[in-house]
Amino acid sequence: MKKGITALAIVSLSTVMTSFPAYAFDWPPKEYDMPRTVLTVDLLGQSLSGLAGSIRAIANTGLMILGIWLSVCLIGGIFNKYVMSRIRLREGVEKRELQRVIRAVDRAENMESIVNDRVAEMEVSAMARQRYRELHPRADIEERIYQRELAYNADLEYQVLHPRNGIEKRIRQKEISYHADLEYQELHPREGIEKRIRQREITNDADWEYRELHPEADVENAVYRKEVAREANLAYQERHPEMFRVRPHRRHRP
């Protein structure tokens, strides 16, 4: 099969080759004068002048396109700043006005439903807070501790950065409190006296009631104060033994 295909291809190729006329070529070729191009100053100047004209034309076209683009950008920016911004503001104001009108009409027609919804939301919030406290019983305490630590550190850093502000603030507070007390005493001379009398009466009544509830408290307090004084004297003697050395008595001459 392959041999038959190969023979058919050879026959077809020979038929094609013999069907075209044969061409005759002269060899070696004849000599002829090849045209030569000589670059002169005039020809080079003409070429460069054409190139410079092309560059100028391209530059003029680019500058024209740049001017058009800048004009469009400037016009768009100015239009957006002075026209579209006012239009957007006006649209926002109109939307809020519409929302206020809708809320007013809703309150007028469905006040009871709105109140019930708010109550339900508050109940849900209260239940959520209660559930959160049950799940995290230490959360509120830790938050309070963190807030106090943060405030304390902030005060320390503020005092370091502004050492005079704290002193001036306290001075101002004391001055304001002093002048306020004076002015209040001038406007209400009897109230200060009555206030002090009430405070003394309350203190006296509290002392009597405390003594009735705890009759042994005075004795214990007195004993405690004496013990504290004794321990203080002993500690002072240990720290300053030279103050308690026995000094010889001087004999007085008759």
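Fair warning: this is a prediction, and the values are worked out from it, not measured in the lab. (Residues numbered from 1 in each chain as written. Predicted model: local features only at pLDDT ≥ 70, side-chain atom pairs only at ≥ 80, totals over all residues. Heavy atoms only, no water.)

1. Notes on the overall build of the chain
Inference 1: Along the backbone of the chain there are 7 helices and 0 strands.
Inference 2: Sequence-ordered secondary structure for the chain, helices as α and strands as β, is α-α-α-α-α-α-α.
Inference 3: Looking at the 254 residues of the chain, the share that counts as buried comes to 1%.
Inference 4: Taken as a whole, the chain presents about 25,800 Å² of accessible surface, with 60% of it coming from carbon and sulfur. (Helix = DSSP H or I, 4+ residues; strand = E, 2+ residues; numbered from the N terminus. Buried < 20%, exposed > 50% of the residue type's maximum accessible area, 1.4 Å probe, protein only. Areas by Shrake-Rupley, 256 points an atom, 1.4 Å probe, with all protein chains shown as cover.)

2. Topic: a positive patch on the surface
Inference 1: A surface patch of positive charge is lined by R96, R100, R103, R107 and R118.
Inference 2: No other element matches helix α2 (residues 41-109), which puts 4 residues into the positive patch.
Inference 3: Position of R118 relative to the elements: it lies in helix α3 (residues 111-135). (Patch = residues over 30% accessible without salt bridge, like charges linked within 9 Å, V, L, I, M, F, W, Y side chains within 5 Å. Salt bridge = Lys/Arg side-chain N within 4 Å of Asp/Glu carboxyl O. Lys, Arg positive; Asp, Glu negative; His and termini not counted. Charge placed at Lys NZ, Arg CZ, Asp CG, Glu CD.)

3. Describing the pattern of salt bridges
Inference 1: Taken as a whole, this structure holds 2 salt bridges when the rule is applied.
Inference 2: In this structure, E94 and R90 form a salt bridge, with 3.6 Å as the shortest nitrogen-oxygen distance. Of this pair, E94 and R90 both sit in helix α2, separated by 4 residues, roughly a single helical turn.
Inference 3: Judged by its relative accessible area of 42%, E94 falls in the partly exposed class.
Inference 4: Residue classification places R90 among the partly exposed residues on the basis of a relative accessible area of 48%.
Inference 5: Of the charged contacts in the structure, one is a salt bridge between D140 and R133, with a shortest N-O distance of 2.9 Å.

4. A word on a negative patch on the surface
Inference 1: Together, E201, D205, D207, E209 and E212 make up a negatively charged patch on the protein surface.
Inference 2: Of note, E212 is situated in helix α6 (residues 189-213).

5. Section: a nonpolar patch on the surface
Inference 1: Together, L74, I78, F79, Y82, V83 and I87 make up an exposed nonpolar region whose accessible area comes to about 570 Å².
Inference 2: Mapped onto the elements, F79 comes out in helix α2.

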